[in-house]
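Survey of secondary and tertiary structure
So you can see what is in the structure, the chains are spelled out below.
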Amino acid sequence: MSLLIKKGRVVDPASSTDEILDILIEDGKIKRIDKDISLKSAQVIDASGKVVSPGLIDVHTHLRDPGREDEETIESGTRAAAKGGFTTICCMPNTEPPVDEPAVVEFIYKRAQERGVVEVLPIATITKARRGEALSEMGRLKRAGAIAFSDDGNWVANAHLMRRALEYAKMLNLPIISHCEDKTLSQDGVMNEGYFSTVLGLKGMPKEAEEIAVYRDLALARMTGSRLHIAHISTANSVRLIKEAKQRGIKVTAEVCPHHLVLTDREVTTFNTNTKVNPPLREEEDVIALREGLRDGTIDIIATDHAPHSLEEKELDYVLAPFGIIGLETALGLLVKELVEKGVLSLMQLIAKLTINPARMLGIDRGKILEGAKANLAIFDLEKKWKVKKEELLSKSTNSPFIGWTLPAPVECTIVGGEIVYRRR
Ligand code: DOR
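The shown structure was predicted, so the numbers you read here are calculated from the model rather than taken from an experiment.

Cut-off values and rules
Residues numbered from 1 in each chain as written. Predicted model: local features only at pLDDT ≥ 70, side-chain atom pairs only at ≥ 80, totals over all residues. Heavy atoms only, no water. Helix = DSSP H or I, 4+ residues; strand = E, 2+ residues; numbered from the N terminus. Buried < 20%, exposed > 50% of the residue type's maximum accessible area, 1.4 Å probe, protein only. Areas by Shrake-Rupley, 256 points an atom, 1.4 Å probe, with all protein chains shown as cover. Lys, Arg positive; Asp, Glu negative; His and termini not counted. Charge placed at Lys NZ, Arg CZ, Asp CG, Glu CD. Pairing = 2+ DSSP bridges. Axes fitted to C-alpha atoms, helices over the stretch in contact; angles between N-to-C directions. Near = heavy atom within 4 Å. Polar contact = N/O pair within 3.5 Å; in protein donor to acceptor, adjacent residues only side chain to side chain. Nonpolar A, V, L, I, M, F, W, Y, C, P; charged D, E, K, R; others polar. Parallel < 35°, antiparallel > 145°, perpendicular 65-115°, else oblique. Left-handed = near helix turned anticlockwise from the far one by under 90°. Contact = heavy atoms within 4.5 Å. UniProt positions renumbered as here; feature names shortened; annotations may be inferred.

1. Regarding the overall build of the protein chain
The helix and strand inventory of the protein chain stands at 14 helices and 20 strands. Seen along its three principal axes, the alpha-carbon backbone of the protein chain occupies a region of about 65 × 45 × 45 Å. When the 425 residues of the protein chain are sorted by exposure, 62% land in the buried category. Carbon and sulfur atoms provide 49% of the accessible area of the protein chain, an area that totals close to 16,700 Å². Charge-centre separation for the protein chain: the mean point of 58 positive side chains lies 4 Å from the mean point of 62 negative side chains.

2. Digging into the sheet that holds strand β6 (residues 56–61)
Taken together, the three strands give an open sheet; going across it, the order is β6-β7-β8, and neighbouring strands pair in parallel fashion. At either margin of the open sheet sits one strand with a lone partner, and together these are β6 and β8 (119–122). With direction set aside, neighbouring strand axes in the sheet form an average angle of 20 degrees. Of the pairings in the sheet, the one linking β6 to strand β7 (residues 86–91) comprises four bridges and is parallel in character.

3. Examining the site of the ligand
Around the ligand, 14 residues are found, and the nearest of them are Arg64, Asn94, Asn278, His309 and Phe323. Between an oxygen atom of the ligand and a side-chain N or O atom of Arg64, the distance comes to 2.7 Å. For the ligand, an oxygen atom lies 2.8 Å from a polar atom in the side chain of His309. By residue class, the composition of the shell around the ligand is three nonpolar, eight polar and three charged.

4. A closer look at the packing of helix α12 (residues 331–340) against helix α13 (residues 347–354)
The N-to-C vectors of α12 and α13 enclose an angle of 140 degrees; their axes lie 10 Å apart at closest approach. In terms of axis orientation, α12 runs oblique to α13. Considering only the axes of α12 and α13, their crossing is right-handed. Residues Leu332, Leu335, Val336, Leu339 and Val340 of α12 pack against Leu347, Leu350 and Leu354 of α13. Residues of the contact of α12 with α13, tallied by class, amount to eight nonpolar, no polar and no charged.

5. So, the UniProt feature "active site" (unreviewed entry) in the protein chain
If you check UniProt for "active site" (unreviewed entry), the listed places come out as Asp305 in our numbering. Summarising the element assignment, Asp305 is placed in the loop between β15 (301–302) and α11 (311–314).

6. Here's the deal with the sheet that holds strand β9 (residues 149–150)
Spatially, five strands are ordered β9-β10-β13-β14-β15 in an open sheet, and the strand pairing comes out parallel. Looking at the sheet topology across the chains shown, the edges are occupied by β9 and β15.

7. Regarding the pairing of strand β20 (residues 419–423)
Successive side chains on a regular strand alternate, one facing one side of the sheet and the next facing the other. Inspection of the sheet shows strand β19 (residues 411–416) paired to β20 by four bridges, in the antiparallel sense. Within the sheet, the bridge partner assigned to Val416 lies in β20 and is Glu419. Linkage of β19 to β20, two consecutive antiparallel strands, is achieved through a turn of two residues, within which Gly417 is found at a positive phi near 55 degrees.

Next up, the structure:
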């Protein structure tokens, strides 16, 4: 069956296209892109007044499968992704068991094939069990299909081990994704260290815990010439360090999460545990610098860090509740509202940070609207608004600080390999 998307505003950063066009899809691929295509036998999607973009790519998703299927499964997580316009998601390896053996990588691919509705690409651990003591068998993990390495949630504190990891990753031509946090400094902090942590009497995590780690990893990336991707940066100084590193030719890319672009540590005064996230929500000056880093190209990618947690655990008090918030379903709306509508980024720039830039970082052939390319697309409506309602979330967990918010740009339709995997009712 052919699928014909009519009269959408096609926004494709890879080809700098922003034009009203028709797209014909056949056999899972984009067959033709043209001004006026007609094909009687095709199923037609009327996209007039809507944006058609490459399917979004999230380089930082926690799926909790295997191990915590009460919080999220590959099935529920990929359905949430599809609702958010994502067609490819990379899942972090802090599962139970962790993704440090080829068998776990294979399990994720198999489950995603059987039950997933979008593409799932597993990230394997850098070190065994993310303990930072011995390297994972990176070559075997790559052969099984791992697309990057990360100890997400933990920093590889041993510099020698990280050096070796970067060297192996370079041989394998895969990126290392670093969770930059020196835990000897952040210790058991639960929020940003600053005015509000003092007022609330909560233990703070200083920004320097992130920045020290960013600096060391940039130094090791320079030393090894390897591809380093820095996850979820949250401070103004991290942006500055990465900007300087790029100017010096270091092969580094960086991501920021929607919540760090929208909220500050003032939100913690509500004691809502859905504001507890690692890295923590920072201050106004950091939000401004992160937005500027996106604008000037220092920050290449926006990633959700979708981190589902059970209600029971998030209902504990602030100190005991786990870090993390879900993000797949709200990312696009938040970003359009806060970045595009406020003139920080053009729509084209925003879409680049959610499509072609993540594809380039990962080295995958995705994130563009091109004849012959796999038909992974998102259609959304800039004219409509929607309200984030707990009961309408498709994720198995509801730990979002954005419940009740009204956002623009609801996703109308998500297409993966020519199949409609989500359609708004
Ligand atoms: O807030 C977070 N949650 N940050 C992390 O680094 C890990 C994640 C999780 O797995 O819950």
